[in-house]
Amino acid sequence: MLSDMLASITHRLTRLEDQARGWIIGGVRILAGLLWLANIHWKVPTAFGEDTKGGLYKYSASVLRHSPFAPFRWVTEHIILPNFQLFGWITLLSEIAFATLLLIGYRTKLVALGAALMTVPIMLSVLYYDNADEWSWSYLLMIGVHLLLIASDAGGHLGLDGLLRRDRSAAVGGLRVFGVVATIVGLLGLFVARSVDFASSKAALLGSDAGFVGDDGKLVRRWELKFLWFNPLWALLTIVCGVLLILGARKAQLALAGAGGFAAIAVVALLTKTFDYVRDDGAVQKVATGSNVACWAGLAIAGALLARRSMTASAPAAA
């Protein structure tokens, strides 16, 4: 009797451990996606800081002054800086892709490998920046996290890679989850943008850039979770397309319509290039639209793939 009870407890603990492992692995992948998402906004096209000697340009240019790694200095001097706008677009689009695909957990192994490789030139560019205020271990840990995502099949947990390997019911459930997430994001966006004109170029931040004023009177940013920007129009469109994904769990055509809507606003945001971010102190700061592009593109990809999967037979998908 006692042995049966112990065996039952052990079995339940093992199941809980397996479930917790999946949530942790998937959660770390999402966290990595948010890391990329929160750092897209300051890669501002089309000059990417070259005109003001700030932004992305200042970190790249500092390589010539301080980096001890001669091959990277040569590449920066002869390839990157002479073609800086092209380099800026490659950087922006790459980081949009990393954020998009890590958040939804699609093609995770390949994306995580690309993100780990991308972290190396980022580390070499910023570690020797003039202010010397970057923590080198953060980039080594960033590389390590992405390598662990590869080793742990992170897209199979809370991600599309896992959902698309399962049967139709998993895809239907996934549509509901992504639809609910999109609707909640849109509602939060509507709340933060309530004081912004309905369809203007000005946008409010869904996130945080809290800080403090130092003794010299300068504002020091310490909590920069700059995820998404909204005006009321973008927020309402996000809600509408999110609701379509939820309804698409019953009728796949509605999910395809929602995915198409997300794809359309992602393209419009990419072509728009920048938002005018209205900060809490009233100042207006120009930021890239890349974070929103990543969010809406991810929802478009997830909605389209899950809708297509939900229209297939109930048999598990081929690996």
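In this report, the structure presented in the accompanying data block is examined.

Criteria and cut-off values
- Residues numbered from 1 in each chain as written.
- Predicted model: local features only at pLDDT ≥ 70, side-chain atom pairs only at ≥ 80, totals over all residues.
- Heavy atoms only, no water.
- Salt bridge = Lys/Arg side-chain N within 4 Å of Asp/Glu carboxyl O.
- Helix = DSSP H or I, 4+ residues; strand = E, 2+ residues; numbered from the N terminus.
- Buried < 20%, exposed > 50% of the residue type's maximum accessible area, 1.4 Å probe, protein only.
- Phe/Tyr/Trp six-rings, centres within 6.5 Å; stacked < 30°, edge-to-face > 60°.
- Axes fitted to C-alpha atoms, helices over the stretch in contact; angles between N-to-C directions.
- Parallel < 35°, antiparallel > 145°, perpendicular 65-115°, else oblique.
- Left-handed = near helix turned anticlockwise from the far one by under 90°.
- Contact = heavy atoms within 4.5 Å.
- Nonpolar A, V, L, I, M, F, W, Y, C, P; charged D, E, K, R; others polar.

Scanning all chains against the criterion turns up four salt bridges. Notably, a salt bridge pairs Lys43 with Glu95, separated by 3.0 Å at the nearest N-O pair. Here Lys43 is found in the loop between helix 1 (2–37) and helix 2 (55–66), whereas its partner Glu95 is found in helix 4 (residues 84–104), with 52 residues between them in sequence. A residue is classified by how much of its surface remains accessible, and Glu95, at 3% relative accessible area, is buried. Between Glu224 and Lys226 there is a salt bridge, and its shortest N-O distance comes to 3.4 Å.

Another point: the packing of aromatic side chains. Within this structure, the stated rule accounts for eight aromatic pairs. Where Tyr57 meets Phe84, the ring centres are 5.0 Å apart and the plane angle is 85 degrees; that geometry is what we call edge-to-face. Residue Tyr57 is found in helix 2, and its partner Phe84 is found in helix 4; the two are separated by 27 residues along the sequence. With a centroid separation of 5.8 Å and 45 degrees between ring planes, the pair formed by Phe84 and Phe87 is classed as tilted. Here Phe84 and its partner Phe87 are both found in helix 4, three residues apart, which amounts to about one turn of the helix.

On to the packing of helix 10 (residues 252–272) against helix 11 (residues 290–310), then. Orientation of helix 10 relative to helix 11, taken along the N-to-C sense of each, is 155 degrees, at an axis distance of 8 Å. Classified by the interaxial angle, the pair formed by helix 10 and helix 11 is roughly antiparallel. As for the relative orientation of helix 10 and helix 11, their crossing is left-handed in sense. Here Ala252, Ala255, Leu256, Ala259, Phe262, Ala263, Ile265, Ala266, Ala269 and Leu270 of helix 10 come into contact with helix 11, specifically with Val293, Trp296, Ala297, Leu299, Ala300, Gly303, Ala304, Ala307 and Ser310. When grouped by side-chain class, the residues that make up the contact of helix 10 with helix 11 number 17 nonpolar, two polar and no charged.

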